[in-house]
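Examination of the molecular architecture
In case you want the letters, here they are:
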Amino acid sequence: MPFRIALSGLNAASSELRVIGNNVANASTTGFKKARAEFADIFASSNLGSGANAIGSGVKLSSVTQQFSQGNIGFTDNNLDLAVSGQGMFVLNDSGVSVYTRAGAFGVDRNGFIANSQGQVLQGDIADSNGNLTNTTGDLQLNFDNIEPQATSTAEIALNLNSSLPVPGATPSSSLTVPATTILDEDAPIAPAVGSTIIGTPFNMRDNYGIERSVQIEYIHTAANTWTATLRDNVSGNTFPGSSPIDTSGANPSPSSVDFGWVPQTGSGAQDPIIVATNISAITLLAAAADGDTSAGTASTVNNGAAQVPFSENDATTYSHSTSMTIFDSQGTPHLLTQYYRKSTQANQWEVFTFREGNRVDAAVGQPGQTVQFDTSGQLQSPSPNLPAISFNPGGGAAQITMSVDISGVTQFGSSFSISSLTQDGFSTGQLSGIDISDTGIVLSRFTNGQTQILGQVRLANFTNPQGLRQLGDTTWAESFESGQAVIAQPGSSGLGLVQSGALEGSNVDLTEQLVGMITAQRNFQANAQVISTADTITQAIINIR
């Protein structure tokens, strides 16, 4: 009879409407996955099969399957809200039983565990006390204890020392006075022949490093009434001619001064030129009517120049550069460590003086600084990579600080002083200030002292047949025989998707699609109801046959 066939159609349409209604009701449920009603026809058959002209017996609901397509991801203000972009499900501990979900609305319970509103705790790999991930999977928990302080043991410095700077606290000699005892005679036959050289007595001048060097002035009779003064560096043997010849035809030499472009030499090369202004107005000239001995036997007078003065941290003219960084003792107390860089009296060499809050810690007060040597290309030569260890008592009951300073990043180029980095490994105590979760599931805690620590890593689960999972409610699923065993791995590996922090995956229900399906199910219901009405009319007609 068609009544039973139509009744099965009514039941099927009702089931489809219930599935659609459930989808529509959960259109705003986080992590919800829509379901689809699947139907199959019914045929009466025996062990020998059904006849060729057999008529079906109606329809049945064969399955209600979950559709695990990606839902839209919306962003939130909670870093513990998590969404999976791609395949995979969060693993939750529900009183010792593993359940799975795509709903990542998590918070922190009273014990610090990352859990959802049902008290189910998020699972992942646990990190040890040093922040190293282990292979132990368990409940992810935030640590609200203060992080212990760490004393500074190493520091790293990367900067450039300006090689073109003068030596601080040292003044090169830049002016001379030739005495009247220097006599130039043009009276033949007493006057020397053209081409003769008169050599003055050696005297000392200071170079760019403030170091005294032996020099002397030579006078060359180049022509009648004409002499050329030359400055000879007795250390290098180089000579430096005056800026102009000396005319001795008058009562006084002309010009009254000449300049020498003195370039002192060091073991690593030439220093910067020093212009030495030399007053020659006092030179004695002997006219043709007077006889005398041409002489330059008396040393010239050096008018300026000074050796490098002792270093003082309170006098900025005694050093070239300085840097400061904050270090910490074993109790987390900060201390200001200042280093002063002073270009020394040796080429390509610097001294480093280290102070802690006004107290020198690298050597006794008054002692030379720690020597840093560069090669001719400005690269660090020694010491490398560390300065001699620094050790001092910070006071306040804290332990002795012993630290090394890595200066492998220090250069000496002819450009301005610049700091690339100043780092050290100490820190004070700190409290938890925030949580960050990376796309690979790394849970990173941030502390008020600027430190970070890994607490764990979220794990995701995947199944061979996700549609075989058993629904538990609260948008959670359980593993079943049909789903296959869970494959648990890190996000971004083994075909799993990535984790988005501060976001939630919405329902994958398309309301337009559901409304169209609702109309179709309604028409199916009406059509099956019409079949019953027609069958009733036919039955009534048969009953009325007399």
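Structural notes, computed from the coordinates. (Residues numbered from 1 in each chain as written. Predicted model: local features only at pLDDT ≥ 70, side-chain atom pairs only at ≥ 80, totals over all residues. Heavy atoms only, no water.)

1. Comments concerning helix H1 (residues 2–25)
Because an α-helix completes one turn every 3.6 residues, residues spaced three or four positions apart along the sequence face the same direction. Counted at 1.5 Å a residue, the expected span for H1 with its 24 residues is 34 Å, and the 34 Å between its end C-alpha atoms agrees. Among the residues making up H1, those that are buried are Ala-6, Ser-8, Gly-9, Leu-10, Ala-12, Ala-13, Ser-15, Glu-16, Val-19, Ile-20 and Asn-23. Buried residues along H1 sit in contact with strand E1 (35–42), strand E2 (58–66) and helix H2 (511–543). (Helix = DSSP H or I, 4+ residues; strand = E, 2+ residues; numbered from the N terminus. Expected span 1.5 Å × (residues − 1). Buried < 20%, exposed > 50% of the residue type's maximum accessible area, 1.4 Å probe, protein only. Contact = heavy atoms within 4.5 Å.)

2. Description of the packing of aromatic side chains
Under the definition given, this model contains 9 aromatic pairs. Geometrically, the ring pair formed by Tyr-100 and Phe-463 is edge-to-face, given 5.0 Å between the ring centres and 85° between the ring planes. Placement of the pair is Tyr-100 in strand E6 (residues 97–101) and Phe-463 in the loop between strand E39 (460–462) and strand E40 (470–473), with a sequence separation of 363 residues. Where Phe-311 meets Phe-355, the ring centres are 6.1 Å apart and the plane angle is 45°; that geometry is what we call tilted. Linking Phe-311 in the loop between strand E25 (301–302) and strand E26 (321–328) with Phe-355 in strand E28 (residues 349–356), this pair joins segments that are 44 residues apart in sequence. The exposure class assigned to Phe-311 is buried, which follows from its relative accessible area of 18%. Through pairs of rings, three or more aromatic residues link up here, namely Phe-311, Tyr-319, Tyr-340, Phe-353 and Phe-355. (Phe/Tyr/Trp six-rings, centres within 6.5 Å; stacked < 30°, edge-to-face > 60°.)

3. A short note on a nonpolar patch on the surface
A contiguous nonpolar surface patch, about 220 Å² in accessible area, is contributed by Leu-17, Leu-515 and Met-518. Its place among the elements puts Leu-515 in helix H2. By relative accessible area, which is 46% here, Leu-515 ends up partly exposed. (Patch = residues over 30% accessible without salt bridge, like charges linked within 9 Å, V, L, I, M, F, W, Y side chains within 5 Å. Areas by Shrake-Rupley, 256 points an atom, 1.4 Å probe, with all protein chains shown as cover. Salt bridge = Lys/Arg side-chain N within 4 Å of Asp/Glu carboxyl O.)

4. Points about the pattern of salt bridges
Applying the stated criterion to the full structure yields 13 salt bridges. One salt bridge in this structure joins Glu-513 and Lys-34, with 3.1 Å as the shortest N-O distance. Highlighted residues: Glu-513 in helix H2 and Lys-34 in the loop between H1 and E1, separated in sequence by 479 residues. The closest approach of N and O atoms between Arg-102 and Glu-505, which form a salt bridge, is 2.9 Å.

5. Concerning H2
When the terminal C-alpha atoms of H2 are compared, their 48 Å separation across 33 residues agrees well with the 48 Å that a helix rising 1.5 Å per residue should span. For H2, the secondary structure elements touched by its buried residues are H1.

6. Brief notes about the pairing of strand E27 (residues 334–343)
Remember that side chains alternate between the two faces of the sheet whenever the strand is regular. Summarising burial for E27: 8 of the 10 residues are buried, a large majority. Counted along the chain from E27 to the antiparallel partner E28, the turn is 5 residues long, and its residue Asn-348 has a positive phi close to 60°. (Pairing = 2+ DSSP bridges.)

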